[in-house]
Amino acid sequence: MKLFSEAHKTVFVVDHCPYMAESCRQTVEFDMFTKNRAPGIIPLAPISKSLWTCAVESAMEYCRIMYDIFPARKLPATLSSMMSISGDQRLLTVAPKQLMGATRVNFIVSDSRAHTLNSWGQEDQNLQELMAALAAVGPPNTRMDPECCSVLHGLVEAVEVLCKCTDYQHEARTTLMENADRVSNRGRIICITNAKSDSHVRMLEDCVQETIHEHNKLAASSDNLMQIQHCELVLIHTYTAGEDSLVSDRPRKDISLALTSEVHSVRAGRQLPAKLTTLVQQHFDLASTTITNIPMKEEQHANTSANYDVELLHQKDAHTELLRSEGKNMTPITFDPHLCNSNRDGAVKDTVTLKWCTPRTNNVELHYCTGAYRISPVDVNSRPSSCLTNFLLNGRSVLLEQPRKSGSKVISHMLCSHGGEIFLHVLSSVRSILEDPPSISEGCGGRVTDYRITDFGEFMRENRLTPVAERGFMMDANEQYRIMWNELETLVRAHLNNSEKHQRVLECLLACRSKPPEEEERKKSRRKREDKEDKSEKVVKDYEPEKSWQDSERLKGTLEREKEELVEAEIIKDSPDSPEPLNKKPRVSIGEIQPLEKVKGPVSLLTMWTNRINTANSRKHQEFAGRLSSVNNKAELYQHLKEENGIDTHENGKGSRQ
């Protein structure tokens, strides 16, 4: 059993060297209160953020989205039962959406040494703890010797931290006991730095690879550490605006069996948070939904309102039904260029567009919901996002509509809050099991008008069963047996190369199929005779073989032997110890045997069954009179002789002399 994917453990390594104190050269308006400024007051100059500030804000955005959708929870009770399955040696990877709350983040700041700001414990997994720790670290010290500072200290510490167990991994190892090595240890390292060149990046990758190899040796001889099966290294090179990047982008590449690496070169400022937002979607398999046409009052004009758009992130499962119904009278799920308010880097992103419907005043009305998923706004500080979240947290719910090319609107989702958390509910867009079944009489104005009758007819034609025989002609038994033997031979020959036993089965089949030549000649002569008799018309053979006259001869011989036995029984002397008669099967006389009729034309199933029953009954005779009057299935023989000798008969069939 292999638990926990790379998303279970994420280590952030942020470069805290002096060069990270440089300006990103993207200004931010600091003086926002312009309308209440008294005349003659000089406005404040705009400010610009440092590379360190941009890196910290981007990392916090990554963690915020992760904590919103996968909040840190206590160890669930279902984890122990999930890993207590005995005898299962298969590998199983459980993603964060299966282990809700199992995602953990560790923050490391690197300058002259590595500073670990939190632990894997559940109490340290929140934004407040991380921001307080980062505030205590402070900005980079420009007076520090750059030669003594390096991000390598943080990368080495990150590998060491990955070898430590989380509370989930510790519980899994404790539950499995002797099979604790089956619990995998995989993680991800996200390093934000300012690299000098591509060769510098390769040096960082080699350092991480060697460190993993050394720490795996130490973990192999330790009971508290775990070996790293796989690590994803994400190197983000950030640089100031207006400069050319000295590092090239590179997609994911396998450095070794235990390490994969990818490189991203991003400008600091607005582009860096957008890149981290894209990465968090890839790492946790998230999807984007844009809510359009949200009515909102303007601050400057209280009597007017404008429509805004808000982009939300959530688990990809919320779009499963939409992807299935794509193309059925619905606009394709692609990015709409005019919905890029929150796309700060200008890149095209895939998002599903849903339209705002009239909000509900309360949640009394129940909806047929098939799933609920936590959401996180992409631009949490924007005014539209803030108004939407406050609106939902006040107990309101909003229905969302699919944009369709034609036809009536379809409500597919609903936004609602539960316990201070906002969820995107997936509503069933098809007919609910709680509704009445559709009526075929519903026409214009009815709920269902397209019953796909044509498609059903096509389905019936494609799956029609081919009849065995043509109309008016029934295949005889010999032909059916011939077809059956051919099918069996084809089936066995298809599996002939599987084993030697298949060859033996084929030889047995061929031996059973072969018949003596005299039997074949007899069948040919019988078929010729039948063809001469049926020249004028096609006559269906009798259900029973044409050996009924032989059966009659056998019946005659059997009855004659029974008569001889009865004659012999009459000369047997009276004896109380004479054996009881055998319970023979009842038979009827030859005169009562009903001859089988010749049936012309196709024979129905009822006729075939009736002929079979009549044939079986024709072989029976009337029940023995003594057995009918017997007691406990015992009949007294030669009662007239006993009466003449003065013997009193009893119910048990035995007698005593008077």
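Please read these numbers as outputs of a predicted model, since none were measured by experiment. (Residues numbered from 1 in each chain as written. Predicted model: local features only at pLDDT ≥ 70, side-chain atom pairs only at ≥ 80, totals over all residues. Heavy atoms only, no water.)

Some remarks on the overall build of the chain
Here comes step 1: Along the backbone of the chain there are 17 helices and 19 strands.
Here comes step 2: For the chain, the residues scored as buried account for 36% of the 658 residues in total.
Here comes step 3: Residue pairs at least 24 apart in sequence account for 74% of intrachain contacts in the chain once pairs closer than 6 positions are excluded.
Here comes step 4: If you sum the accessible surface of the chain, you get close to 40900 Å²; carbon and sulfur atoms cover 52% of it. (Helix = DSSP H or I, 4+ residues; strand = E, 2+ residues; numbered from the N terminus. Buried < 20%, exposed > 50% of the residue type's maximum accessible area, 1.4 Å probe, protein only. Contact = heavy atoms within 4.5 Å. Areas by Shrake-Rupley, 256 points an atom, 1.4 Å probe, with all protein chains shown as cover.)

Quick word on the packing of helix 4 (residues 152–162) against helix 6 (residues 198–220)
Here comes step 1: Where helix 4 meets helix 6, the closest approach of the two axes is 9 Å, and the angle between their N-to-C directions is 30°. When the axes of helix 4 and helix 6 are compared, the crossing they make is right-handed. Here Leu 152, Leu 155, Val 156, Val 159 and Glu 160 of helix 4 come into contact with helix 6, specifically with Met 203, Leu 204, Cys 207, Val 208, Thr 211, Ile 212 and His 215.
Here comes step 2: By residue class, the composition of the contact of helix 4 with helix 6 is nine nonpolar, two polar and one charged. (Axes fitted to C-alpha atoms, helices over the stretch in contact; angles between N-to-C directions. Left-handed = near helix turned anticlockwise from the far one by under 90°. Nonpolar A, V, L, I, M, F, W, Y, C, P; charged D, E, K, R; others polar.)

Focus: the sheet that holds strand 9 (residues 259–267)
Here comes step 1: The strand order across the open sheet built from seven strands is 5-4-1-6-7-9-8, with neighbouring strands paired in mixed fashion. Pairing within the sheet leaves two strands with one partner each, and these edge strands are strand 5 (114–116) and strand 8 (250–256). For this sheet the average axis-to-axis angle between neighbouring strands, irrespective of direction, equals 20°.
Here comes step 2: Where strand 7 (residues 230–239) and strand 9 come together, nine bridges link them in parallel fashion. Pairing of Glu 232 across the sheet is with Thr 260, part of strand 9. (Pairing = 2+ DSSP bridges.)

Quick look at the pairing of strand 9
Here comes step 1: The buried fraction of strand 9 amounts to eight of the nine residues, a majority that puts the element mostly inside the structure.
Here comes step 2: Relative to strand 9, strand 8 runs antiparallel, the two sharing four bridges. The partner of Ser 256 across the bridge, within strand 9, is Leu 259.
Here comes step 3: Linking strand 8 to strand 9, which pair antiparallel, is a turn of two residues.

Notes on the sheet that holds strand 13 (residues 369–374)
Here comes step 1: Strand order in the open sheet formed by eight strands is 13-17-16-15-12-10-11-14, and the pairing between neighbours is mixed. The sheet is open, and its two edges are formed by strand 13 and strand 14 (376–377), each paired on a single side.
Here comes step 2: Note that strand 16 (residues 410–418) and strand 17 (residues 421–427) share six bridges and pair antiparallel. Following the sheet pairing, Ser 417 is matched in strand 17 by Ile 422.
Here comes step 3: Its contacts with the sheet put helix 9 (residues 383–393) on strand 10 (286–297), strand 11 (305–315), strand 12 (352–356), strand 14, strand 15 (398–402), strand 16 and strand 17, and the angle it makes with strand 11 is roughly 75°.

Quick look at helix 5 (residues 167–176)
Here comes step 1: Residues of helix 5 that are buried include every one of Tyr 168, Gln 169, Ala 172, Arg 173 and Leu 176, and no others. The buried residues of helix 5 all sit within an arc of 130° when viewed along its axis, so they share a single face. (Arc of directions from axis to C-beta.)

Concerning the side chain of Glu 311
Here comes step 1: The residue Glu 311 is located in strand 11 in this model.
Here comes step 2: Take Glu 311: its relative accessible area is 8%, and that puts it in the buried class.
Here comes step 3: In terms of polar contacts, Glu 311 uses its side chain to reach the side chain of Ser 288, at 2.6 Å. (Polar contact = N/O pair within 3.5 Å; in protein donor to acceptor, adjacent residues only side chain to side chain.)

Things to note about helix 3 (residues 127–137)
Here comes step 1: Turning to helix 3, its buried residues number three or more, namely Leu 130, Ala 133 and Leu 134. With its buried residues spanning 100° around the axis, helix 3 presents them on a single face. Those residues of helix 3 that are exposed and aimed more than 90 degrees away from the buried face are Gln 128, Ala 135 and Ala 136.
Here comes step 2: Along its buried surface, helix 3 packs onto helix 1 (51–69) and strand 4 (104–110).
Here comes step 3: The N-capping residue of helix 3, defined by a side-chain oxygen 3.3 Å from the backbone nitrogen of Gln 128, is Asn 126.
Here comes step 4: A positive phi of about 80° marks Gly 138, the residue just after helix 3.

Notes on the pattern of salt bridges
Here comes step 1: Per the stated rule, a full pass over the model turns up 15 salt bridges.
Here comes step 2: Residues Arg 64 and Asp 68 are paired through a salt bridge, measuring 3.3 Å at the closest nitrogen-oxygen approach. With Arg 64 and Asp 68 both in helix 1 and four residues apart, the pair spans about one turn of that helix.
Here comes step 3: Across the salt bridge formed by Glu 232 and Arg 252, the nearest N and O atoms sit 3.6 Å from each other. Taken together, the residues Glu 232 in strand 7 and Arg 252 in strand 8 connect sequence positions 20 residues apart.
Here comes step 4: Overall, Glu 232 belongs to the buried group, its relative accessible area being 8%. (Salt bridge = Lys/Arg side-chain N within 4 Å of Asp/Glu carboxyl O.)

Thoughts on a nonpolar patch on the surface
Here comes step 1: Together, Val 28, Phe 30, Leu 44 and Ile 47 make up an exposed nonpolar region whose accessible area comes to about 360 Å².
Here comes step 2: Summarising the element assignment, Leu 44 is placed in the loop between strand 2 (23–28) and strand 3 (47–50). (Patch = residues over 30% accessible without salt bridge, like charges linked within 9 Å, V, L, I, M, F, W, Y side chains within 5 Å.)

Re the nonpolar core
Nonpolar side chains in soluble globular proteins tend to end up buried together.
Here comes step 1: Counting residues in hydrophobic clusters, the biggest one holds 40 residues, and the most contacted among them are Phe 12, Tyr 62, Cys 63, Phe 107, Leu 134, Ile 236 and Phe 284.
Here comes step 2: When residues of this core are traced back to their parent elements, those giving at least two are strand 1 (9–15), helix 1, strand 4, helix 3, strand 6 (186–193), strand 7 and helix 7 (271–284).
Here comes step 3: The element best represented in this core is helix 1, accounting for 13 residues. (Core = buried A, V, L, I, M, F, W, Y, C linked by side-chain atoms within 4.5 Å.)

What about the environment of Ser 199?
Here comes step 1: Of note, Ser 199 is situated in helix 6.
Here comes step 2: For Ser 199, a relative accessible area of 41% translates into the label partly exposed.
Here comes step 3: Sequence separation between Ser 199 and Val 247 is 48 residues; the distance between their C-alpha atoms is 8.9 Å.

Here we look at the packing of helix 11 (residues 477–494) against helix 12 (residues 500–513)
Here comes step 1: It is the contact of helix 11 with helix 12, at a shortest axis distance of 10 Å, that shows an interaxial angle of 165°. One element, helix 11, and the other, helix 12, form an angle in the roughly antiparallel class. Of the two elements, helix 11 crosses helix 12, and the hand of that crossing is left-handed. From helix 11, Arg 482, Trp 485, Asn 486, Leu 488, Glu 489, Val 492 and Arg 493 reach across to helix 12, where they touch His 502, Val 505, Leu 506, Leu 509, Leu 510, Cys 512 and Arg 513.
Here comes step 2: Its residues assigned to classes, the contact of helix 11 with helix 12 comprises eight nonpolar, two polar and four charged. (Parallel < 35°, antiparallel > 145°, perpendicular 65-115°, else oblique.)

Some points on the packing of aromatic side chains
Here comes step 1: Taken as a whole and assessed by the stated rule, the structure comprises six aromatic pairs.
Here comes step 2: Relative to Phe 107, the ring of Phe 12 has its centre 5.5 Å away and its plane inclined at 20°; by these criteria the two rings are stacked. Here Phe 107 lies in strand 4 and Phe 12 lies in strand 1, a separation of 95 residues in the sequence.
Here comes step 3: Its relative accessible area of 0% is what places Phe 12 among the buried residues.
Here comes step 4: Here the aromatic rings of Phe 70 and Phe 284 are separated by 5.7 Å at their centres, their planes lie at 35°, and the arrangement is tilted. Placement of the pair is Phe 70 in the loop between helix 1 and helix 2 (78–82) and Phe 284 in helix 7, with a sequence separation of 214 residues.
Here comes step 5: Through successive ring pairs, a cluster of aromatic residues spans Phe 12, Tyr 62, Phe 70, Phe 107 and Phe 284. (Phe/Tyr/Trp six-rings, centres within 6.5 Å; stacked < 30°, edge-to-face > 60°.)

Some details on the confidence of the model for the chain
Here comes step 1: For the chain, the mean per-residue pLDDT works out to 76, and 66% of the residues sit at or above 70.
Here comes step 2: Helix 2 is the least confidently modelled element of the chain, averaging 45 in pLDDT, while helix 4 averages 96, the highest of any element. (pLDDT = per-residue confidence, 0-100.)

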